[in-house]
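The residues making up each chain are set out below.
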Amino acid sequence: MDWRWDFTFDVVLPKMWEAAGVTVWATVASFVLALIGGLILMLLKTHRSPWISRPATEFIEFIRATPLLVQIFFLFFLLPDFGITLPPLTTGILAIGIYNSALCAEVYRAGFQAVPKGQWEACIALNLSTYRTFRDVIIPQSLPPIVPALGNYLVAIFKETPLLSFVAVAEIMQISKLIGAEYYRFTEAVTIAGIFFLVMSLIAAFLIRLVENYVKRSILH
Amino acid sequence: MVPRIAIVIGLAAFLAGLSVATFAELKMFLPAILRGAVVTVQISVLSWLVFMAMSLIAGVARAKASGAVLWLAVGYIEVFRGTSLLVILFWLFFVMPEFGLTMSPVLAGVLGIGLNFGAYGAEIARGAIGAVPRGQTEATIALNISPWNRMTRIILPQAIAIMIPGMVNLTIELIKATALVSAVTLVDITYASVQQNQLHFRTVEIFAITLMLYYCFAQFVRFGGDALEERFSRHLSKRV
């Protein structure tokens, strides 16, 4: 094995630094998409009419049962057929966002179901408005289980972004593949990509624990 | 959910009907996709074995061991949970030869997926072992049962019943994750469908079949998992 530090510092790290920005942007954008999409899916799934809740349930199950990579390819090849040409990064963000909104919907649902039924009944008995019911009673109680789970999905999304390299988005994995192909040296680039993901995940896990404790302390006294 | 198994059978019937109706069209790409499905199943089964072995070993070590073994287990779990599966696959396939260990694509894929999911499974196994009531351990100590027998005869059988739902979920995730093995030059369903799509430009049909196949695999695993859970928790007292 030969590890070349000059190659690492002169070639690999500058390119990786640019690619890290793409990875982070893809993560954040997909996460925001997943948060909003998850809320919509959750509302559809818990809708009164089975004509709405049933298809939503099956859609969520279908998204969860099929690989994200296939969904990315599907969107990537399908959208141009409908005359929509998006850059690969946007398509990828869309695919990761949809995939994770199905997962987030379950998180939201579990959080709201964790609130005891008596709380809803008490709100009705006290004649609280819908707004006050949600703002002061339901949401504060459903946040503690939701926040750490959503944090875990943020890390999961971060680790899913390398899949975008399959559709040639210039994120970390794609750049390390390109460096490997150009110089025929995979060792440094792929190892640094691995260390990057490891370090970022560990930091994120630490931050999630902090936020989790904060939410627990500030909401549930 | 029983209706879902009906959906799976319906999809299979639909596929069969489709193949009769437009056979000439399907004949172009269906054989290649089905060859890919065989590779996907092979990789899934092999990596599932690695995954189960690693999660039980690392889970028991994480829950019960101390000293160097515990740190080894923690290090394994954190490293493989923290890095992305695709990066691990690449590292095994392209970087390991630098260390003098050249792997075949199948070996790299199976090891990468198995080790990655083993780290997640170890956390489930640890949780399940921790969920076995303390009284069970105390009773075995009182009865002077050796630590090995305590683990294999008393704790693990109860822990397995608890960990089945989590392991079933991870198994479905594992089957989905085999879609990544095309990164190490294996032609599984995903890669086969991309290839066929580039040849025939039948995006909707090809990817609908691919997604359906994955969906069916997942539903069969879920169905089998429910049956297994029923079988393993039958003799346990109903405690929540």
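For the structure itself, consult the block above.
Residues numbered from 1 in each chain as written. Chains lettered and ligands numbered in written order. Predicted model: local features only at pLDDT ≥ 70, side-chain atom pairs only at ≥ 80, totals over all residues. Heavy atoms only, no water.

### Observations concerning the overall build of chain B
Moving on, step 1. Helices and strands together make up the secondary structure of chain B, namely nine helices and zero strands.
Moving on, step 2. Its helices and strands taken in sequence order, chain B reads α-α-α-α-α-α-α-α-α from the N to the C terminus.
Moving on, step 3. Dimensions of chain B, computed from C-alpha atoms along their principal axes, come out at roughly 70 × 50 × 20 Å.
Moving on, step 4. Among the 240 residues that make up chain B, the fraction classed as buried is 46%.
Moving on, step 5. Put simply, of all contacts in chain B between residues at least 6 apart along the chain, 78% involve residues at least 24 apart.
Moving on, step 6. Distance from the positive charge centre (17 side chains) to the negative charge centre (11 side chains) of chain B: 9 Å. (Helix = DSSP H or I, 4+ residues; strand = E, 2+ residues; numbered from the N terminus. Buried < 20%, exposed > 50% of the residue type's maximum accessible area, 1.4 Å probe, protein only. Contact = heavy atoms within 4.5 Å. Lys, Arg positive; Asp, Glu negative; His and termini not counted. Charge placed at Lys NZ, Arg CZ, Asp CG, Glu CD.)

### Focus: the overall build of chain A
Moving on, step 1. On a plain count of helices and strands, chain A comes out with eight helices and zero strands.
Moving on, step 2. When the helices and strands of chain A are placed in sequence order, the string is α-α-α-α-α-α-α-α.
Moving on, step 3. A sequence separation of at least 24 residues applies to 77% of the contacts in chain A between residues at least 6 apart.
Moving on, step 4. Per element, the accessible surface of chain A, about 11,400 Å² overall, is 69% carbon and sulfur.
Moving on, step 5. The positive charge centre, built from 16 side chains, and the negative charge centre, built from 15, are 12 Å apart in chain A. (Areas by Shrake-Rupley, 256 points an atom, 1.4 Å probe, with all protein chains shown as cover.)

### Comments concerning the packing of helix H6 (residues 134-142) of chain B against helix H7 (residues 147-177) of chain B
Residue and element names in this part refer to chain B.
Moving on, step 1. For the pair H6 and H7, the least separation of the axes is 11 Å and the interaxial angle reads 160°. When the interaxial angle is binned, H6 and H7 end up roughly antiparallel. At the point where H6 passes H7, the crossing takes the right-handed sense. Contact with H6, carried on its side by Gln 136, Thr 137, Thr 140 and Ile 141, involves Arg 150, Ile 154, Ile 155 and Gln 158 of H7 and no other residues of that element. (Axes fitted to C-alpha atoms, helices over the stretch in contact; angles between N-to-C directions. Parallel < 35°, antiparallel > 145°, perpendicular 65-115°, else oblique. Left-handed = near helix turned anticlockwise from the far one by under 90°.)

### Focus: the pattern of salt bridges
Moving on, step 1. Counted by the stated rule, this structure contains 13 salt bridges over all chains.
Moving on, step 2. One salt bridge in this structure joins Glu 123 of chain B and Arg 126 of chain B, with 3.2 Å as the shortest N-O distance. Note that Glu 123 of chain B and Arg 126 of chain B are positioned in helix H5 (residues 105-131) at a spacing of three residues, about one turn of the helix.
Moving on, step 3. Through salt bridges with shared partners, a single network forms among Lys 45, Arg 64, Glu 106 and Arg 109 of chain A. (Salt bridge = Lys/Arg side-chain N within 4 Å of Asp/Glu carboxyl O.)

### A word on the interface of chain B and chain A
Moving on, step 1. On the chain A side, the residues contacting the 39 residues of chain B number 37 residues.
Moving on, step 2. Across the interface of chain B and chain A, roughly 3,400 Å² is buried in total on both sides, 73% from carbon and sulfur atoms.
Moving on, step 3. Our enumeration of links across chain B and chain A arrives at zero salt bridges.
Moving on, step 4. Our count for the contact surface shared by chain B and chain A stands at ten residue pairs in polar contact (both at pLDDT 80 or more).
Moving on, step 5. Counting residues per element, the ones that place at least two in the side of chain B that touches chain A are helix H1 (2-21), helix H3 (68-82), helix H4 (85-95), H7, helix H8 (189-200) and helix H9 (203-233) of chain B.
Moving on, step 6. Top contributing element to the side of chain B that touches chain A by residue count: H9 of chain B, with ten residues.
Moving on, step 7. When grouped by side-chain class, the residues that make up the side of chain B that touches chain A number 22 nonpolar, ten polar and seven charged. (Buried area = accessible area lost by both parts, 1.4 Å probe. Polar contact = N/O pair within 3.5 Å; in protein donor to acceptor, adjacent residues only side chain to side chain. Nonpolar A, V, L, I, M, F, W, Y, C, P; charged D, E, K, R; others polar.)

### Looking at H7 of chain B
Moving on, step 1. Here H7 of chain B is 31 residues long, yet its end C-alpha atoms lie only 36 Å apart, well below the 45 Å a rise of 1.5 Å per residue gives.
Moving on, step 2. Of all bends in H7 of chain B, the biggest is about 50°, found at Met 163 of chain B, and the proline Pro 165 of chain B comes one to four residues later. (Expected span 1.5 Å × (residues − 1). Bend = angle between axes of the 7 residues up to and from the residue.)

### Thoughts on a nonpolar patch on the surface
All names here are of chain A.
Moving on, step 1. Taken together, Val 24, Val 28, Val 32, Ile 36, Ile 40, Leu 44, Trp 51 and Ile 52 make up a surface patch of nonpolar side chains, about 750 Å² in accessible area.
Moving on, step 2. Sorting the residues of the nonpolar patch by element identifies helix H1 (5-45) and helix H2 (50-65) as the ones contributing at least two each.
Moving on, step 3. It is H1 that contributes the most residues to the nonpolar patch, six residues altogether.
Moving on, step 4. By the element assignment, Val 28 lies in helix H1. (Patch = residues over 30% accessible without salt bridge, like charges linked within 9 Å, V, L, I, M, F, W, Y side chains within 5 Å.)

### Describing the side chain of Lys 176 of chain B
Moving on, step 1. Relative to the helices and strands, Lys 176 of chain B is located in helix H7.
Moving on, step 2. Classification of Lys 176 of chain B by relative accessible area gives buried; the value is 6%.
Moving on, step 3. For Lys 176 of chain B, the residues in contact, after removing those within four places along its chain, are Arg 64, Ala 65, Thr 66, Pro 67 and Tyr 99 of chain A.

### What about the nonpolar core?
Moving on, step 1. Core analysis: the biggest nonpolar cluster contains 113 residues, and Met 16, Ile 72, Phe 73, Phe 166 and Ile 172 of chain A together with Phe 117 and Leu 180 of chain B have the highest contact counts within it.
Moving on, step 2. Sort the elements by how many residues they give to this core and H1 of chain A lands first, with twelve residues.
Moving on, step 3. If sequence neighbours within four positions are ignored, Leu 180 of chain B has contacts with Leu 69, Leu 163 and Phe 166 of chain A together with Leu 85, Leu 86 and Leu 89 of chain B.
Moving on, step 4. Of all hydrophobic cores here, the second largest spans ten residues; its members include Val 8, Val 168, Met 212 and Cys 216 of chain B. (Core = buried A, V, L, I, M, F, W, Y, C linked by side-chain atoms within 4.5 Å.)

### Regarding the packing of aromatic side chains
Residues and elements named next belong to chain A.
Moving on, step 1. Enumeration according to the criterion identifies 21 aromatic pairs over all chains in this entry.
Moving on, step 2. Its guanidinium or amino end placed over the ring of Phe 166, Lys 177 lies 5.1 Å from that ring's centre, counting from NZ or CZ.
Moving on, step 3. The ring of Phe 7 carries Arg 185 above its face, with NZ or CZ at 5.4 Å from the centroid. (Phe/Tyr/Trp six-rings, centres within 6.5 Å; stacked < 30°, edge-to-face > 60°. Lys NZ or Arg CZ within 6 Å of the ring centre and 35° of its normal.)

### A look at the environment of Gly 118 of chain B
All names here are of chain B.
Moving on, step 1. Tracing the chain through its elements places Gly 118 in helix H5.
Moving on, step 2. Accessibility expressed as a relative area gives 0% for Gly 118, which makes it buried.
Moving on, step 3. Along the backbone, Gly 118 and Ser 44 are 74 residues apart, and their C-alpha atoms lie at a distance of 13 Å.
Moving on, step 4. Ignoring sequence-local partners within four residues, the contact set of Gly 118 consists of Phe 51, Met 54, Ser 55 and Tyr 76.

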